[in-house]
2 protein chains.
Amino acid sequence: MRFIIQRDHLVQSVQDVMKAVTSRTTIPILTGIKIVVSNEGVTLTGSDSDISIESFIPKEEAGDEIVEIKQTGAIVLQAKFFSEIVKKLPTDTVEIEVQNHLQTVIRSGKSEFNLNGLDAEEYPHLPQINEENAFQIPTDLLKMMIRQTVFAVSTSETRPVLTGVNWKVENNELICIATDSHRLALRKAKIDLTTNETYNVVIPGKSLNELSKILDDNNEPIDIVMTENQVLFKAKHLLFFSRLLEGNYPDTTRLIPAESKTDVVVGTKEFLQSIDRASLLAREGRNNVVKFATIEGGSIEISSNTPEIGKVVEELQSQSIEGEELKISFSAKYVMDALKALEGSEIKISFTGAMRPFLIRPMNDDSILQLILPVRTY
Amino acid sequence: MRFIIQRDHLVQSVQDVMKAVTSRTTIPILTGIKIVVSNEGVTLTGSDSDISIESFIPKEEAGDEIVEIKQTGAIVLQAKFFSEIVKKLPTDTVEIEVQNHLQTVIRSGKSEFNLNGLDAEEYPHLPQINEENAFQIPTDLLKMMIRQTVFAVSTSETRPVLTGVNWKVENNELICIATDSHRLALRKAKIDLTTNETYNVVIPGKSLNELSKILDDNNEPIDIVMTENQVLFKAKHLLFFSRLLEGNYPDTTRLIPAESKTDVVVGTKEFLQSIDRASLLAREGRNNVVKFATIEGGSIEISSNTPEIGKVVEELQSQSIEGEELKISFSAKYVMDALKALEGSEIKISFTGAMRPFLIRPMNDDSILQLILPVRTY
């Protein structure tokens with residue numbers, strides 16, 4: 001194996017596949033990056049066996065030569081060292097050559113590295129996925145849907161299935177749902193399906209976070225292929241595989257109240273900042289519980305009180321309050337997380353009483369909702 | 001006590017004095033910030049008893065009213081909460097009022113905070129320092145001198161005096177020296193002294209780091225006053241006190257070799273980058289030891305070898321090599337630290353043999369030198 005490559009392309013690809021590599025693995029070869037050189041270009045692979053990422057660098061792109069292939073072949077190099085080395089090389093091109101006994105030479109200017117490689121034959125194979133039933137969504141929409149739901153997954157392993165996001169495809173719609181049983185985030189979007197297939201899978205939150213970091217912000221379509229135990233996201237020159245979580249995701253539709261007793265419309269930013277300030281003096285437990293009350297003249301009051309430190313009262317003018325008066329307590333953190341995930345300058349909060357979950361939605365947009373369970377303190 | 005203040009000025013001052021406040025103190029009142037309101041303005045104080053910082057906000061500046069004093073007085077407020085609150089207040093002005101029983105109200109727009117205050121009478125007094133024998137240096141030079149020496153202090157408490165920087169004033173010169181007994185950094189500068197006083201003190205490295213963070217980058221003069229156990233840095237509206245370290249600082253002058261056997265002149269940046277790359281595969285111990293050798297044709301070779309990972313050889317063209325051939329090993333970290341502290345595009349390295357300390361200096365500038373002890377591996 002021997003090739004000469006433009007350093008910037010190599011650095012970018014290494015950085016992408018590194019997102020899947022962890023030093024905490026029980027399979028030693030997975031601490032490495034697999035490099036395969038064919039006559040078409042160079043393919044890098046990183047994997048922690050839950051997530052696998054494959055990045056392809058074509059021989060040439062838009063008429064520019066990116067890789068000069070001298071000899072095809074394959075090797076696995078220690079990811080920690082290889083990634084540091086390529087980042088710091090002195091010249092714009094790099095030569096990589098495998099010599100005897102898997103010894104790999106990396107040359108750039110007057111720098112010469114010799115790394116002990118591992119046999120690429122021993123690297124685990126990526127899942128084989130039949131790509132017939134792919135559907136597509138634009139990259140920026142995919143990233144948005146991840147951002148608006150993944151924060152609500154459970155961080156506890158008590159119910160492992162809740163550490164993932166439930167993705168359902170039915171009736172030409174993709175629905176993403178995450179819940180940690182204290183709050184729930186739901187986001188849906190229309191998609192074009194060529195078949196009548198329906199899917200109902202649970203993708204680990206960690207996988208979605210890593211995927212989101214790798215994808216550029218553009219509206220190029222991403223192919224998504226779901227199988228029984230794997231999902232594949234396919235962008236230009238990039239394959240991202242994640243295993244799926246086993247177990248049945250709870251049916252969350254019945255959790256979402258269909259009617260409400262108090263509806264409050266308020267500026268998103270003002271509401272977020274008031275809760276943020278009110279939570280400064282609320283140190284009860286981990287999630288900073290604050291009190292919310294409708295008051296005279298269409299205003300709301302958000303407050304907290306920790307006798308040994310002090311108290312804070314925030315008053316906020318709403319756009320409208322309809323229905324019953326209300327006093328309720330909730331986690332400032334959960335409500336702030338939800339507000340940050342919403343778009344739009346105004347939101348509507350729909351309460352069904354102080355002990356019932358409440359909904360936060362943007363005005364005139366039913367593609368997203370955030371549901372939060374109150375805390376019993378009033 | 002009652003006053004109305006422009007929020008931005010308050011935020012900046014709180015941020016400055018917070019640099020001295022730690023939550024790990026055995027004196028509970030030091031977790032607070034002292035606020036004193038006089039007819040001239042507002043003074044904030046933070047202290048961890050080693051470092052004390054006082055920031056003054058004048059009633060008006062350049063014709064603008066910054067503080068409206070309603071009633072003078074003093075209070076101590078919990079730094080952690082107070083600093084978070086002022087940062088997040090909704091309006092440009094803030095009213096602060098002490099009511100009964102040290103209860104302090106902070107009002108801004110429709111936000112109202114009540115904080116439990118502490119009695120300002122119980123806050124420790126700052127050191128009284130006679131400012132007669134002050135000398136001055138420009139802020140940017142002071143920050144540069146700190147940056148070029150403080151990194152070389154010892155992080156071990158085995159010899160506490162080495163955790164500080166030795167500041168000597170004699171013959172109208174300020175000399176700053178730091179050493180951890182493996183390397184030494186020295187920087188000197190001319191100063192104007194009005195008296196013939198000489199000083200020889202040791203300032204904790206931590207104090208100098210914090211001072212450097214607070215000072216703006218400008219060439220305004222800073223007054224420096226040294227006493228037996230305290231140093232005071234006095235900028236506009238800012239006082240920074242640090243205790244001095246006790247004990248005699250070792251005499252370092254005899255460590256610095258007066259002559260050399262091999263002199264190498266090389267580009268600072270190229271040398272730094274070569275060592276950085278060579279150190280990537282050098283994992284022996286904590287400081288990444290690399291080998292350095294003069295080779296044919298005025299070049300130098302920097303290399304390292306860790307059999308289980310691989311090896312690296314870097315070649316670098318020098319500007320000149322004078323004197324004996326040389327092979328030497330040194331800590332890549334120490335040499336990189338030293339190179340980052342130097343200014344200028346070329347440096348001269350003066351060796352006196354493989355077992356002796358060597359010097360790194362910029363060309364044509366004797367105000368700074370870096371000395372490093374080699375490691376015995378060749």
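Residues numbered from 1 in each chain as written. Chains lettered and ligands numbered in written order. Predicted model: local features only at pLDDT ≥ 70, side-chain atom pairs only at ≥ 80, totals over all residues. Heavy atoms only, no water.

- The name recorded for chain A in an unreviewed UniProt entry is Beta sliding clamp, from Cytobacillus spartinae.
- UniProt lists a comment for chain A under the heading Subunit (unreviewed entry), and it reads "Forms a ring-shaped head-to-tail homodimer around DNA."
- The UniProt entry for chain A carries this comment under Sequence similarities (unreviewed entry): "Belongs to the beta sliding clamp family." (UniProt positions renumbered as here; feature names shortened; annotations may be inferred.)

1. Some points on the overall build of chain A
Line of reasoning, step 1. For chain A, the helix and strand inventory stands at 6 helices and 28 strands.
Line of reasoning, step 2. Burial status across chain A gives 54% buried among its 378 residues.
Line of reasoning, step 3. If you take every contact in chain A between residues at least 6 apart in sequence, the share linking residues at least 24 apart comes to 66%.
Line of reasoning, step 4. Carbon and sulfur atoms form 44% of the exposed surface of chain A, whose accessible area is close to 17900 Å². (Helix = DSSP H or I, 4+ residues; strand = E, 2+ residues; numbered from the N terminus. Buried < 20%, exposed > 50% of the residue type's maximum accessible area, 1.4 Å probe, protein only. Contact = heavy atoms within 4.5 Å. Areas by Shrake-Rupley, 256 points an atom, 1.4 Å probe, with all protein chains shown as cover.)

2. A short note on the interface of chain B and chain A
Line of reasoning, step 1. Contact with chain B, which involves 27 residues of that partner, is made by 28 residues of chain A.
Line of reasoning, step 2. Between chain B and chain A, the buried area comes to about 2600 Å², and carbon and sulfur atoms account for 56% of it.
Line of reasoning, step 3. The residue Lys88 of chain A makes a salt bridge to Asp276 of chain B at a minimum N-O spacing of 3.0 Å.
Line of reasoning, step 4. Joining chain B to chain A, the criterion identifies 20 residue pairs in polar contact (both at pLDDT 80 or more).
Line of reasoning, step 5. When residues of the side of chain B that touches chain A are traced back to their parent elements, those giving at least two are α2 (79-88), β11 (111-116), α5 (268-279) and β23 (310-317) of chain B.
Line of reasoning, step 6. Counted by class, the side of chain B that touches chain A contains 12 nonpolar, 4 polar and 11 charged residues.
Line of reasoning, step 7. Pairing geometry for strand β23 (residues 310-317) of chain A and β11 of chain B, over 5 bridges, is antiparallel. (Buried area = accessible area lost by both parts, 1.4 Å probe. Salt bridge = Lys/Arg side-chain N within 4 Å of Asp/Glu carboxyl O. Polar contact = N/O pair within 3.5 Å; in protein donor to acceptor, adjacent residues only side chain to side chain. Nonpolar A, V, L, I, M, F, W, Y, C, P; charged D, E, K, R; others polar. Pairing = 2+ DSSP bridges.)

3. Quick look at the side chain of Asn288 of chain A
All names here are of chain A.
Line of reasoning, step 1. The topology assignment puts Asn288 in the loop between α5 (268-279) and β21 (289-295).
Line of reasoning, step 2. Its relative accessible area of 18% is what places Asn288 among the buried residues.
Line of reasoning, step 3. Within polar-contact distance, the side chain of Asn288 engages the backbone oxygen of Ser279 at 3.5 Å.
Line of reasoning, step 4. The residues contacting Asn288, other than those within four sequence positions of it, are Ser279, Ala282, Phe330, Ser331 and Ala332.

4. Thoughts on the packing of helix α3 (residues 139-147) of chain A against helix α4 (residues 205-214) of chain A
Residue and element names in this part refer to chain A.
Line of reasoning, step 1. Here α3 crosses α4 at 140°, and the two axes come no closer than 10 Å. Taken together, the axes of α3 and α4 are oblique relative to one another. The chirality of how α3 crosses α4 is left-handed. Contact with α3, carried on its side by Leu142, Lys143 and Ile146, involves Leu208, Leu211 and Ser212 of α4 and no other residues of that element.
Line of reasoning, step 2. The class makeup of the residues in the contact of α3 with α4 is 4 nonpolar, 1 polar and 1 charged. (Axes fitted to C-alpha atoms, helices over the stretch in contact; angles between N-to-C directions. Parallel < 35°, antiparallel > 145°, perpendicular 65-115°, else oblique. Left-handed = near helix turned anticlockwise from the far one by under 90°.)

5. Side note on the domain arrangement of chain A
Line of reasoning, step 1. When its domains are assigned, chain A resolves into domain 1 (2-122), domain 2 (137-217 + 242-247) and domain 3 (256-372).
Line of reasoning, step 2. Between domain 1 of chain A and domain 3 of chain A, the C-alpha centre-to-centre distance is 51 Å. (Domains from an automatic or database assignment.)

6. Section: the UniProt feature "domain: DNA polymerase III beta sliding clamp N-terminal" (unreviewed entry) in chain A
Line of reasoning, step 1. When the UniProt feature table is mapped onto this chain, "domain: DNA polymerase III beta sliding clamp N-terminal" (unreviewed entry) is found at residues 1-127 of chain A.
Line of reasoning, step 2. Structurally, residues 1-127 of chain A comprises 17% helix and 46% strand, and the distance from its first C-alpha atom to its last is 25 Å.

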